[in-house]
Amino acid sequence: MSELSGEQLYDGPDEHGHFGIYGGIFVGETLMPALEELNRVYTKLKQDPMFWKEFHNDLAHYVGRPSPLYHAKGMTKALGGAQIYLKREDLNHTGAHKVNNTIGQALLAKAMGKSRIIAETGAGQHGVATATVAARLGLECHVFMGSEDTKRQAANVYRMKLLGATVVEVNSGSKTLKDAMNEALRDWATNVDTTYYIIGTVAGPHPYPMLVRDFQCVIGQEARQQSLEQCGRLPDSLVACVGGGSNAIGLFYPFLKDEAVRMIGVEAGGLGLNTGKHAAPLNTGAPGVLHGNRTYLMNDEDGQILETHSISAGLDYPGVGPEHAWLKDIKRAEYTTVTDEEALSAFRFLTRQEGIIPALESSHAIAYAIKAAPDLPEDHLMLINLSGRGDKDIHTVAQIDGIDA
Amino acid sequence: MSRIEKCFKQLKRQNKKAFIPYLTAGDPNIETSLNLMHALVQAGADIIELGYPFSDPSSDGPVIQRAVERSLAKHTSLKGVLALVKRFREENQDTPLVLMGYLNPIECMGYQKFAEDAEAAGVDGVLVVDMPPEEAHDLLQIIHRSELDCIFLVAPTTHEARARKICELSSGYVYYVSLKGVTGASHLDIDSVRTNVNQLKSYCELPIAIGFGIKDAETAAKLGELADAIIVGSALVSLIAELKDGHEYSRDELSKHIALMAGMRAALDRS
């Protein structure tokens with residue numbers, strides 16, 4: 001680690017997909033050649049300006065980018081400290097940052113001549129974003145979703161079905177995102193000739209953590225530019241929630257070499273770290289191997305993956321993208337947690353202060369700001385990634401309020 | 001010479017193919033697994049693949065997934081599986097045992113401790129499903145200093161350059177995955193297996209074992225003709241799934257229950 005210079009620290013992954021000891025390719029042999037092929041195709045297209053032109057054209061005219069950087073004056077005033085800016089990924093088509101990645105990977109699927117798309121989903125946002133691009137390109141689409149999550153995100157299940165996707169309920173293991181990912185890997189091994197697997201976060205085997213980051217870093221590229229234009233300078237801190245970590249890496253990556261910019265990733269503290277019922281591998285876990293990569297994991301002393309808990313389905317995952325594991329170890333980014341309860345009050349707070357209903361995932365980032373901003377000076381610019389809108393979570397919150405919405 | 005190598009040499013002299021059943025340790029409990037291992041030897045198993053459970057078996061079909069869930073419900077750990085091997089060795093010093101599973105439990109134990117404890121317990125080989133050659137360097141270095149063999153998979157999707165590298169890195173035998181998919185799938189195409197295995201034979205110096213999707217004696221015999229060994233997993237695990245956890249089975253009862261294994265052995269010998 002110490003042999004690398006500052007620049008090289010952020011140039012990951014290496015050609016084998018490693019960020020330090022993290023990342024890599026840990027899958028059964030059947031999938032290895034498919035990953036080699038994906039890496040080959042992506043490496044080539046990455047050099048092709050036409051590929052990026054098509055990508056950015058889709059982002060502009062289909063997704064509605066650039067998303068605004070919004071000075072949240074009501075929230076700033078209420079907290080009485082740092083200036084709060086929100087990167088409005090909630091305004092994207094399909095309601096979250098997830099679509100940036102599915103647009104990019106759909107272009108890859110097309111270039112590789114695949115006729116069928118599969119995806120895993122937790123909150124359903126990635127499933128919806130995948131079903132959306134599949135509908136647009138006329139591709140067959142199967143989305144794997146844990147049966148716990150189909151219950152708490154019924155509206156998104158219906159959305160995917162409307163879009164023509166088949167939603168496959170997964171009943172194995174903990175019946176959440178990690179099990180959906182296992183099932184997607186099994187399907188991919190079975191249908192590898194015809195099928196492209198759109199992984200929804202910056203985890204999984206190489207080259208996924210790299211290519212998902214490359215598609216998501218449009219968030220940080222825009223935010224950096226917007227901050228310079230609107231504030232005349234870079235922000236002092238960046239805040240994003242971290243499940244697998246795609247919205248966070250998308251925001252952080254273009255700022256990595258701006259050493260003065262602090263980066264804070266917020267994991268799901270669930271009912272509290274001391275209860276064990278949370279989803280905070282970076283805060284409580286240790287390095288291990290799951291779903292194709294080495295990263296921080298929540299596992300027991302025998303290496304069995306632990307069941308996680310979070311109020312937000314999108315953060316309910318026992319692992320995290322390998323680049324976050326690396327950024328933690330080299331101390332370039334900090335990772336903290338907020339509880340379900342704090343996220344829930346942040347959800348209500350933003351809704352009332354700004355008229356913006358945030359996703360419960362993004363509410364974790366808001367909750368961090370509520371705690372940290374009051375102690376910061378008024379000239380501190382805090383840029384928060386509002387990664388998704390909360391429409392999908394209305395039922396969850398209503399249920400907690402005892403209302404039949 | 002390792003126990004696995006010795007086993008294949010001996011079978012070759014007798015002009016026989018190796019029969020390799022797989023079971024998940026701890027399903028339905030450790031005691032029954034121990035008796036099943038002995039019953040399998042009685043049924044004609046030449047090598048036993050012993051699965052150690054992992055919570056997220058992403059290369060396995062539903063039959064083995066459920067076996068893993070039953071095993072984990074009994075809190076079976078990698079350490080517990082090594083203890084099982086040690087007990088098996090009290091009675092049987094000849095049948096090679098190959099541990100099969102996923103990398104995380106081994107990472108958690110630590111590579112060095114794992115290799116030492118596995119060797120001391122009487123394990124002969126290790127097959128880590130989600131550790132391709134690209135990521136095997138560190139574990140292989142340690143395994144090469146031990147008496148353990150390291151077995152890798154070759155799949156129908158594996159191109160020749162990869163397969164050659166895999167054969168070079170493997171010891172004991174090479175596991176040819178007969179179909180694109182997960183364990184226990186049912187879309188086996190014998191003609192394509194024949195083509196791929198014949199090609200593999202032309203440069204692989206190790207014995208080749210074929211596994212995935214072998215469900216009956218007839219298929220066992222057909223695939224036995226193509227290679228040096230066949231591996232039967234889900235077909236056996238489905239039978240084990242019928243056993244009750246609370247009941248103590250004698251070895252004879254278990255032998256009768258898994259009579260399909262002796263049938264496969266006999267069919268293999270006729271092929």
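Rules and cut-offs
- Sequence order as written defines the numbering, with residues in each chain counted from 1.
- Chain A is the first chain written and ligand 1 is the first ligand written, with later ones labelled in order.
- Given that the model is predicted, a residue must reach a pLDDT of at least 70 before its local features are reported, and side-chain atom pairs must reach 80 or more before they are shown or counted; all residues, however, enter totals for whole chains, interfaces and linings.
- Computation of side-chain values: all heavy atoms of the structure, hydrogens and water removed.
- Buried and open spaces are told apart on a 1 Å grid over the protein atoms alone, a cavity being a set of points where a 1.4 Å probe fits but cannot get out and a pocket being an open set with protein on both sides within 12 Å along at least five of seven lines. Residues with an atom within 4 Å of a point are the lining residues.
- Grid points are joined across faces, edges and corners, and a volume is the space filled by probe spheres set on the points.
- Under the DSSP-based scheme used, a helix requires at least four consecutive residues in state H or I and a strand at least two consecutive residues in state E, with every element numbered from the N terminus.
- Classification used: nonpolar for Ala, Val, Leu, Ile, Met, Phe, Trp, Tyr, Cys and Pro, charged for Asp, Glu, Lys and Arg, polar for all others including Gly.
- Domain delimitation follows an automatic or database domain assignment.
- A helix is expected to reach a length of 1.5 Å times the quantity of its residues less one.
- Burial here depends on accessible area, computed with a 1.4 Å probe over protein chains only, as a share of the maximum for the residue type. Under 20% is buried, over 50% is exposed, and the range in between is partly exposed.
- The arc in question is the one spanned by the directions pointing from the helix axis to the C-beta atoms.
- Contacts: residue pairs with any heavy atoms within 4.5 Å of one another.
- Each of two parts loses accessible area, computed with a 1.4 Å probe, when they are put together; buried area is these two losses added.
- By definition here, a salt bridge exists when the distance from a side-chain nitrogen of Lys or Arg to a carboxyl oxygen of Asp or Glu is within 4 Å.
- Each polar contact in these results corresponds to two N or O atoms within 3.5 Å; when the atoms are within protein, one needs to be able to donate a hydrogen and the other to accept it, and residues that are neighboring in sequence are counted only if both atoms are side-chain atoms.
- Two rings from Phe, Tyr or Trp (for Trp, the six-membered ring) form a pair when their centres are within 6.5 Å of each other. A pair whose planes differ by under 30 degrees is stacked, one over 60 is edge-to-face, and the rest are tilted.
- Two limits define a charge over a ring: the Lys NZ or Arg CZ must be within 6 Å of the ring centre, and within 35 degrees of the ring normal.

Before going further, it helps to spend a moment on empty space enclosed by the protein. Residues and elements named next belong to chain A. Overall, the coordinates contain five cavities of 30 Å³ or more when judged by the stated rule. Computed from the structure, the largest cavity encloses a volume of approximately 370 Å³. Along its surface, the largest cavity is lined by 31 residues, and His97, Lys98, Gly314, Leu315 and Glu361 are the ones closest to its centre. Of all the secondary structure elements, the ones that give two or more residues to the lining of the largest cavity are strand 5 (116–121), helix 6 (125–137), helix 9 (177–190), helix 12 (246–252) and helix 16 (360–372). Among the residues making up the lining of the largest cavity, the classes are represented as 10 nonpolar, 17 polar and four charged. Split by domain, the residues of the lining of the largest cavity number at least three in each of domain 1 (19–60 + 97–207) and domain 2 (66–95 + 217–401).

Attention shifts here to helix 4 (residues 78–91) of chain B. Residues and elements named next belong to chain B. With 14 residues, helix 4 should reach 20 Å at 1.5 Å per residue; the first-to-last C-alpha distance of 21 Å fits that figure. Of all the residues in helix 4, the buried ones are Leu78, Val81, Leu82, Leu84, Val85, Phe88 and Arg89. Projected down its long axis, helix 4 carries its buried residues within an arc of 155°, all on one side. For helix 4, the exposed residues set more than 90 degrees away from the buried face come down to Lys79, Lys86, Glu90 and Glu91. For helix 4, the secondary structure elements touched by its buried residues are helix 1 (3–13), helix 2 (30–42), strand 2 (48–51), strand 3 (97–101), helix 5 (103–109) and helix 6 (111–121).

Turning to the domain arrangement of chain A, a few remarks are in order. Residues and elements named next belong to chain A. Domain annotation for chain A reports domain 1 (19–60 + 97–207) and domain 2 (66–95 + 217–401). The gap between the C-alpha centroids of domain 1 and domain 2 is 22 Å. On the side of domain 2, 41 residues touch domain 1, which itself brings 38 residues to the contact. Together, the buried faces of domain 1 and domain 2 total about 3,200 Å²; carbon and sulfur atoms form 62% of this surface. Across the contact surface, domain 1 and domain 2 share zero salt bridges. At the boundary of domain 1 with domain 2, the tally comes to 14 residue pairs in polar contact (both at pLDDT 80 or more). Mapped onto the side of domain 1 that touches domain 2, the elements with two or more residues apiece are strand 2 (22–26), helix 3 (49–63), helix 5 (98–111), helix 6, helix 7 (147–152) and helix 9. Among the residues forming the side of domain 1 that touches domain 2, the class breakdown is 17 nonpolar, 17 polar and four charged.

The next point concerns the packing of aromatic side chains. Scanning the entire structure with this criterion turns up 13 aromatic pairs over all chains. For the ring pair B:Tyr175 and B:Phe212, a centre distance of 6.1 Å and an interplane angle of 85° mean the geometry is edge-to-face. Pair noted here: B:Tyr175 is in strand 7 (residues 174–177) and B:Phe212 is in the loop between strand 8 (208–211) and helix 10 (217–224), with a separation of 37 residues, a long-range link. Members of the aromatic cluster, each reached through a chain of ring pairs, are A:Tyr42, A:Phe51, A:Trp52, A:Phe55 and A:Phe215. Positioned over the ring face of A:Tyr253 is A:Arg213, at 4.0 Å from the centre of the ring.

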